[in-house]
Amino acid sequence: MARRAPRASSVPDFTSALYLGLWHASGELRPWAQLTTGTPAAVRRVPGAAAVARGLAALQGCEAATLVPSTLHGAWDLGGIVDGQREALHVDSDVYPVLGVTALRARSRGVTVREVAHRDVAALERSVRGDARRPVVLVDGLCPGCGGPAPLGAYLAAVRRRGGLLVVDDTQAIGILGAPGGAVPEWGAGGGGSLRHHGLEHAPDILLLSSFAKALGAPVAAIAASAAVIERFEERADTRVHSSPVSVAAVRALEHALAVNRSRGERLRHRAARAVRRFRAGLRELGIDAGGALFPVQALPALARPAAVALHRHLLEAGVRAVPQSWAGGAQGRSVFVLTARSRDADIEAALAAIAGAPQLASLRRGRERPRVLA
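Residues numbered from 1 in each chain as written. Predicted model: local features only at pLDDT ≥ 70, side-chain atom pairs only at ≥ 80, totals over all residues. Heavy atoms only, no water.

**Student:** Would you explain helix H4 (residues 121-129) in this entry?
**Tutor:** Every α-helix carries 3.6 residues per turn, so stepping three or four residues along brings you back to the same face. Those residues of H4 not exposed but buried are Ala123, Leu124, Ser127 and Val128. Viewed along the axis of H4, the buried residues span an arc of 135 degrees, placing them on a single side of the element. Among the structural elements, strand S2 (87-92), strand S3 (113-116), strand S4 (134-140) and helix H5 (152-160) are those in contact with the buried residues of H4. (Buried < 20%, exposed > 50% of the residue type's maximum accessible area, 1.4 Å probe, protein only. Helix = DSSP H or I, 4+ residues; strand = E, 2+ residues; numbered from the N terminus. Arc of directions from axis to C-beta. Contact = heavy atoms within 4.5 Å.)

Okay, here's the thing in structure tokens:
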């Protein structure tokens, strides 16, 4: 049966990564006297930051946490802390590009950096055994391209045998994954992220680097780990001395996000998952296999670049906004749809109708190849 696009009051937009639909209007936040202290974090703490950091640590299952302006700041600082005499970096080949800054800076300081095949535990074990130094391993907690959580338990076992440290970018998982149970069993309850999902709470040899600008909608990041690791980070992190601290507004937004997660998080995750399921079911009716499993980021199969560009233009002409993405050196591309707790049934039906009417539909039905990196 052909799909007919329903009438909608606004343009269907699937480009926002605010998975739980949190917008943090100014009237919802506690007021602040000034936007920034103007003082580096190493000299003066931002008002409210310590309390929010404690709340984050409790949510994520860590002993302590410290706020940083972004994952880029945190990744840069981590690259400056790795001890090249005693430690070596082992980096997942598909690690999110921002976390790759850790490897770039570490390598510039003479640290040995080894690339490990994506989600290949045996390859990681071989890499760790092949270097006598203490391993520091960089991975993503949840890979949008694969659509599911990484095997952190197996990674940690490989690292722990050598007394190393597992560094996890948990940006995609925080607010989505959690402890067993919850309104969306595939994700879990609480939204605490990867450690809660895998039952690895308070592991002394795991460090989480997380941005909260996606599911929690707050433009700020944090490092969470054992108290000893956080103390070492705060003592040696360059950006705590040479960069502006997190803004008070961002702290207030994260404070609000944590409160909403406690009170309405399960309902919002249920809404987001419902939207994902509806979209995926519609694609199956069209004979299309989307990537991403049950995760808010849903990618159509990759096409040759000219066809991918034509499909994106077709969607725009149909009044549907998706994220255009290129990979394989630009030779291929695909359209990515991000579903959130605010995604309306009418918007999803409009998107499916636009896809059904695309000249590239036959190519989309022919299957998919997983791209190397979801940027």
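There is more to say, and it comes next.
**Student:** I keep staring at a positive patch on the surface and nothing clicks. Help me out?
**Tutor:** Together, Arg264, Arg267, Arg271 and Arg342 make up a region of like positive charge exposed at the surface. Structurally, the position occupied by Arg264 is in helix H9 (residues 248-285). (Patch = residues over 30% accessible without salt bridge, like charges linked within 9 Å, V, L, I, M, F, W, Y side chains within 5 Å. Areas by Shrake-Rupley, 256 points an atom, 1.4 Å probe, with all protein chains shown as cover. Salt bridge = Lys/Arg side-chain N within 4 Å of Asp/Glu carboxyl O. Lys, Arg positive; Asp, Glu negative; His and termini not counted. Charge placed at Lys NZ, Arg CZ, Asp CG, Glu CD.)

**Student:** Is there a simple way to think about the packing of aromatic side chains in this case?
**Tutor:** Each pair of aromatic rings is reported with the distance of its centres and the angle of its planes. Using the criterion set out here, one finds three aromatic pairs in the structure. On the numbers, 5.6 Å between centres and 70 degrees between planes, the contact of Tyr19 with Phe295 is edge-to-face. You can see Tyr19 sitting in the segment before helix H1 (49-60) and its partner Phe295 sitting in the loop between H9 and strand S10 (297-299), a full 276 residues away along the chain. We note that Tyr19, like Phe295, is buried. Joined through ring pairs, the aromatic side chains of Phe14, Phe279 and Phe337 make up one cluster. (Phe/Tyr/Trp six-rings, centres within 6.5 Å; stacked < 30°, edge-to-face > 60°.)

**Student:** Where do I start with the side chain of Glu87 in this structure?
**Tutor:** Structurally, the position occupied by Glu87 is in strand S2. The class for Glu87 is buried, based on a relative accessible area of 3%. Within polar-contact distance, the side chain of Glu87 engages the side chain of Arg134 at 2.3 Å. Leaving out residues up to four positions away in the same chain, Glu87 has contacts with Ile81, Val82, Val111, Arg133, Arg134, Val136 and Arg232. (Polar contact = N/O pair within 3.5 Å; in protein donor to acceptor, adjacent residues only side chain to side chain.)

**Student:** How do you make sense of empty space enclosed by the protein when you look at a structure like this?
**Tutor:** Rolled over the atoms, a probe with the dimensions of a water molecule shows which regions are left empty. The final tally for this structure, using the stated rule, is five cavities of 30 Å³ or more. Of the voids in this model, the largest cavity is the one considered here, and its volume is about 170 Å³. As for the largest cavity, its lining consists of 15 residues, of which Leu78, Ile81, Leu165, Leu207 and Arg232 are closest to the centre. Looking at the lining of the largest cavity, the elements that each hand over two or more residues are helix H2 (71-81), S2, S4, strand S7 (165-169) and helix H7 (227-236). Its residues placed into classes, the lining of the largest cavity shows 11 nonpolar, one polar and three charged. (1 Å grid on protein atoms, 1.4 Å probe; cavity = no way out; pocket = protein on both sides within 12 Å on 5 of 7 lines; lining within 4 Å. Points joined across faces, edges and corners; volume = space filled by probe spheres on them. Nonpolar A, V, L, I, M, F, W, Y, C, P; charged D, E, K, R; others polar.)

**Student:** What should I look at first to understand the pattern of salt bridges in this one?
**Tutor:** Any two side chains of opposite charge can pair, so long as their charged atoms come close to each other. All told, the structure shown has 17 salt bridges when counted by the stated rule. Its salt-bridge partner being Asp131, residue Arg114 comes within 3.7 Å of it at the nearest N-O pair. Of the two residues, Arg114 is situated in strand S3 and Asp131 in the loop between H4 and S4; the sequence distance between them amounts to 17 residues. On the basis of relative accessible area, Asp131 is assigned to the buried category, the value being 6%. Residue Arg274 pairs with Asp345 through a salt bridge whose shortest N-O separation is 2.8 Å. Of this pair, Arg274 sits in helix H9 while Asp345 is found in helix H11 (residues 345-356), placing the two residues 71 residues apart along the sequence. Classification of Arg274 as partly exposed rests on a relative accessible area of 40%. Residue Asp345 is classed as partly exposed on the basis of its relative accessible area, which comes to 28%. Taken together, the shared-partner salt bridges in this structure form one network comprising Arg274, Arg278, Asp345 and Glu349.

**Student:** Where do I start with H11 in this structure?
**Tutor:** Over its 12 residues, H11 runs 16 Å from end to end, which matches the ideal 16 Å to within 8%, given 1.5 Å per residue. H11 sits mainly inside the fold: nine of its 12 residues count as buried. Against the buried residues of H11 lie H9, helix H10 (305-317), strand S13 (332-338) and helix H12 (361-365). (Expected span 1.5 Å × (residues − 1).)

**Student:** Hey, could you run me through the sheet that holds S4 in this one?
**Tutor:** Two strands in a sheet stick together by hydrogen bonds in their backbones, pointing the same way (parallel) or opposite ways (antiparallel). Ordered by their spatial adjacency, seven strands build an open sheet running S1-S9-S8-S7-S4-S2-S3, and the pairing between neighbours is mixed. The open sheet is flanked by strand S1 (64-68) and S3, the only strands paired with a single partner. Taken pair by pair, the neighbouring strands of this sheet meet at an average axis angle of 20 degrees, ignoring direction. Along the sheet, H1 contacts S1, strand S8 (206-211) and strand S9 (221-225); its crossing angle with S1, the most-contacted strand, is approximately 125 degrees. The strands that H2 touches are S1, S2, S7, S8 and S9; relative to S8, the one it contacts most, it runs at about 150 degrees. (Pairing = 2+ DSSP bridges. Axes fitted to C-alpha atoms, helices over the stretch in contact; angles between N-to-C directions.)

**Student:** Please clarify how the layout of surface pockets should be interpreted in this entry.
**Tutor:** The volume enclosed by the largest pocket comes to roughly 300 Å³. A class-by-class count of the residues in the lining of the largest pocket yields five nonpolar, five polar and four charged. Of the pockets and cavities examined, the second largest pocket occupies roughly 240 Å³. What lines the second largest pocket is a set of 19 residues, and nearest its centre among them are Ala41, Arg45, Thr66, Leu67 and Arg240. Counting residues per element, the ones that place at least two in the lining of the second largest pocket are H1, S1 and helix H8 (239-242). No other element matches the four residues that S1 contributes to the lining of the second largest pocket. Residue classes in the lining of the second largest pocket are distributed as 11 nonpolar, four polar and four charged.

**Student:** Would you take a moment to explain unusual backbone geometry for this structure?
**Tutor:** Residues other than glycine predominantly adopt negative phi, and peptide bonds predominantly adopt the trans conformation. Residues other than glycine seldom take positive phi values, yet His24 does so here, at roughly 55 degrees. The topology assignment puts His24 in the segment before H1. Phi at His202 is positive, roughly 60 degrees, even though this residue is not glycine. For His202, the position within the fold is in the loop between helix H6 (194-198) and S8. Judged by relative accessible area, His202 falls into the exposed class, the value being 52%.

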